[in-house]
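Below, each chain spelled out in residue letters.
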Amino acid sequence: MKLYEGSKILVTGALGQIGTDLTEALRKKYGQNNVIATDIRTIENHPSVSDGIFQNLDIMETQKLIEICRNNDIGIIYHLAALLSAVGEKNPEKCRKINIDGTISILEAARLCSLRVFAPSSIAVFGPDCPSHASQSSPLNPTTVYGQTKVIGEKLAREYWEIHGVDTRGIRYPGLISYKSPPGGGTTDYAVEIFHSAINHGQYEFFVEPNTRLPMLYMDDAIRATLSLMDSPSESLGIFRSGFNVSGITFTAQELASKIEERIEGFKYSFVPDHRQKIADSWPDSIDDSISRKEWKWSPQFDLDSIIDAMFEGIENT
Ligand SMILES: NC(=O)c1ccc[n+]([C@@H]2O[C@H](COP(=O)([O-])OP(=O)(O)OC[C@H]3O[C@@H](n4cnc5c(N)ncnc54)[C@H](O)[C@@H]3O)[C@@H](O)[C@H]2O)c1
């Protein structure tokens with residue numbers, strides 16, 4: 001398939017945790033009027049996204065999506081609309097619908113309009129049979145519905161690439177830490193919530209146990225990874241193009257609490273695990289990202305101390 005070189009970019013789920021930062025980064029890189037932000041929600045209370053073009057769009061409406069792409073000279077879709085792990089487990093049918101049928105809707109629009117697609121995956125593709133340090137080709141047997149939708153999403157993306165030539169790329173994001181937009185109901189949300197609660201209220205109640213260790217990444221690294229993968233020449237990417245492992249840092253809930261305690265005098269925290277503990281326990285502790293480092297020269301820049309510095313600065317100045 002000959003790829004259509006449309007000049008503009010469409011972002012789905014642009015009002016979410018990643019969309020807020022990614023839309024801003026794309027506008028900075030490609031120009032304010034070349035990025036169309038879309039979401040099923042309305043734009044109120046999202047000052048950074050509302051600085052440019054925004055349209056309401058439910059990704060299930062394939063025809064409307066195609067019209068927006070054709071009418072606006074779209075060349076790439078960054079597809080971020082989804083239901084995350086904790087919310088998805090509470091509503092598995094809706095999770096399957098949005099994450100699988102919604103992804104098919106995007107891939108169909110991309111096939112018909114000859115677009116390129118970025119569609120993120122997640123470390124949730126791994127399950128209890130994965131080694132604690134997950135390699136790129138570790139087994140994909142997740143116990144969560146969310147994880148299953150992400151495995152299917154990777155397969156669909158590969159199929160559209162191999163059969164229809166739709167250039168679809170993805171990253172298995174770990175838990176993402178950022179301050180501009182609240183997390184959307186995932187199992188790693190505690191690594192964001194703790195900063196807001198500690199700075200504003202001097203206390204935090206974790207919903208996981210102290211020894212829970214999960215892979216995490218600072219949002220600036222995630223955005224850099226995303227843009228860098230999409231800039232890479234297609235021929236440098238091998239068979240894992242729809243779900244690259246990417247690693248940043250890994251820490252336990254206790255380690256994070258202790259670091260924050262060093263900064264906030266009298267900081268009080270407790271651990272009251274809920275249903276999300278089981279999800280966290282089914283995921284690996286750390287990620288081997290050697291294929292990404294080799295194929296598209298990925299490397300993270302933020303360690304735990306620099307993430308904490310950036311989160312304190314970001315929250316205290318907004
Ligand atoms: N944030 C993380 O830590 C993380 C980790 C791994 C993978 N991911 C993946 O990254 C992507 C984006 O995640 P996020 O954290 O920004 O999620 P989020 O929940 O913060 O945002 C998702 C956005 O999608 C929108 N949306 C939901 N249903 C929609 C529909 N039918 N049509 C249009 N928009 C709809 C929501 O309104 C929301 O603004 C998802 O695919 C997610 O699985 C995120």
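In this text, all values refer to a predicted model and were calculated from it rather than measured experimentally. (Residues numbered from 1 in each chain as written. Predicted model: local features only at pLDDT ≥ 70, side-chain atom pairs only at ≥ 80, totals over all residues.)

Details of the environment of K294
Working step 1: Among the secondary structure elements, K294 is positioned in helix α10 (residues 290-296).
Working step 2: For K294 and S236, which are 58 residues apart along the polypeptide, the C-alpha to C-alpha distance reads 9.3 Å. (Helix = DSSP H or I, 4+ residues; strand = E, 2+ residues; numbered from the N terminus.)

Topic: the nonpolar core
Working step 1: Core analysis: the largest hydrophobic core is formed by 90 residues, its most contacted members being V11, I77, V117 and I177.
Working step 2: Taken domain by domain, the makeup of this core includes at least three residues from each of domain 1 (8-175 + 218-245) and domain 2 (180-216 + 248-285 + 302-316).
Working step 3: What I77 contacts, discounting residues up to four positions off in sequence, is L10, T12, I106, A110, L115 and V117. (Core = buried A, V, L, I, M, F, W, Y, C linked by C-beta atoms within 7 Å. Buried ≥ 20, exposed ≤ 12 C-beta atoms within 10 Å, placed from the backbone. Domains from an automatic or database assignment. Contact = placed C-beta atoms within 7 Å.)

Quick word on the sheet that holds strand β10 (residues 175-177)
Note on sheets: strands pair through backbone hydrogen bonds, and any given pair is parallel or antiparallel.
Working step 1: Strand order in the open sheet formed by three strands is β10-β12-β14, and the pairing between neighbours is mixed. Each of the sheet's edge strands pairs with one partner strand only, and the pair in question is β10 and β14 (249-252). Adjacent strand axes in the sheet meet at a mean angle of 45°, parallel and antiparallel pairs treated alike.
Working step 2: Across three bridges, β10 lies against strand β12 (residues 213-218) in parallel orientation. Opposite G175, over in β12, you have M216 as the bridge partner. (Pairing = 2+ DSSP bridges. Axes fitted to C-alpha atoms, helices over the stretch in contact; angles between N-to-C directions.)

Observations regarding the pairing of strand β1 (residues 8-12)
Working step 1: For β1, the tally of buried residues reaches four of five residues, placing the bulk of the element in the interior.
Working step 2: Inspection of the sheet shows β1 paired to strand β4 (residues 74-79) by five bridges, in the parallel sense. Bridge assignment links I9 to a residue of β4, and that residue is I76.
Working step 3: Alignment of β1 against strand β2 (residues 35-39), held across three bridges, turns out to be parallel. Paired with I9 across the two strands is V35, which belongs to β2.
Working step 4: Handedness of the β-α-β unit built from β1, helix α1 (residues 17-30) and β2 comes out right-handed. (Right-handed = clockwise from strand over helix to strand, strands pointing away.)

Section: the domain arrangement of the protein chain
Working step 1: What the domain assignment reports for the protein chain is domain 1 (8-175 + 218-245) and domain 2 (180-216 + 248-285 + 302-316).
Working step 2: Domain 1 and domain 2 are separated by 25 Å when their C-alpha centres are compared.
Working step 3: Contacts between the two partners involve 28 residues from domain 1, matched on the other side by 23 residues from domain 2.
Working step 4: Elements that contribute at least two residues to the side of domain 1 that touches domain 2 include exactly α1, α3 (85-90), β7 (133-134) and α7 (219-231).
Working step 5: A per-element tally of the side of domain 1 that touches domain 2 places α3 first, with four residues.
Working step 6: Of the residues in the side of domain 1 that touches domain 2, the class split is 13 nonpolar, eleven polar and four charged. (Nonpolar A, V, L, I, M, F, W, Y, C, P; charged D, E, K, R; others polar.)

Side note on α1
Working step 1: Between the first and last C-alpha of α1 there are 21 Å, a value that for 14 residues agrees with the 20 Å anticipated at 1.5 Å per step.
Working step 2: If you check which residues of α1 are buried, you get Q17, I18, G19, T20, D21, L22, T23, L26 and R27.
Working step 3: Once α1 ends, the next one or two residues include G31, with phi positive near 110°. (Expected span 1.5 Å × (residues − 1).)

Here we look at the site of the ligand
Working step 1: Around the ligand there are 29 residues in total, and G13, G16, A81, A82 and G184 lie nearest to it.
Working step 2: The leading source of residues in the shell around the ligand is α1, at three residues.
Working step 3: For the shell around the ligand, the class distribution of residues is 15 nonpolar, eleven polar and three charged.
Working step 4: Counting contributing residues, the shell around the ligand receives three or more from each of domain 1 (8-175 + 218-245) and domain 2 (180-216 + 248-285 + 302-316). (Near = placed C-beta within 6 Å.)

A look at helix α4 (residues 92-113)
Working step 1: Helix length check: α4 (22 residues) gives 31 Å between terminal C-alpha atoms against 32 Å at 1.5 Å per residue, within 8%.
Working step 2: By the burial criterion, the buried members of α4 are C95, I98, N99, G102, T103, S105, I106, L107, A109 and A110.
Working step 3: The first or second residue beyond α4 is S114, which carries a positive phi of 55°.

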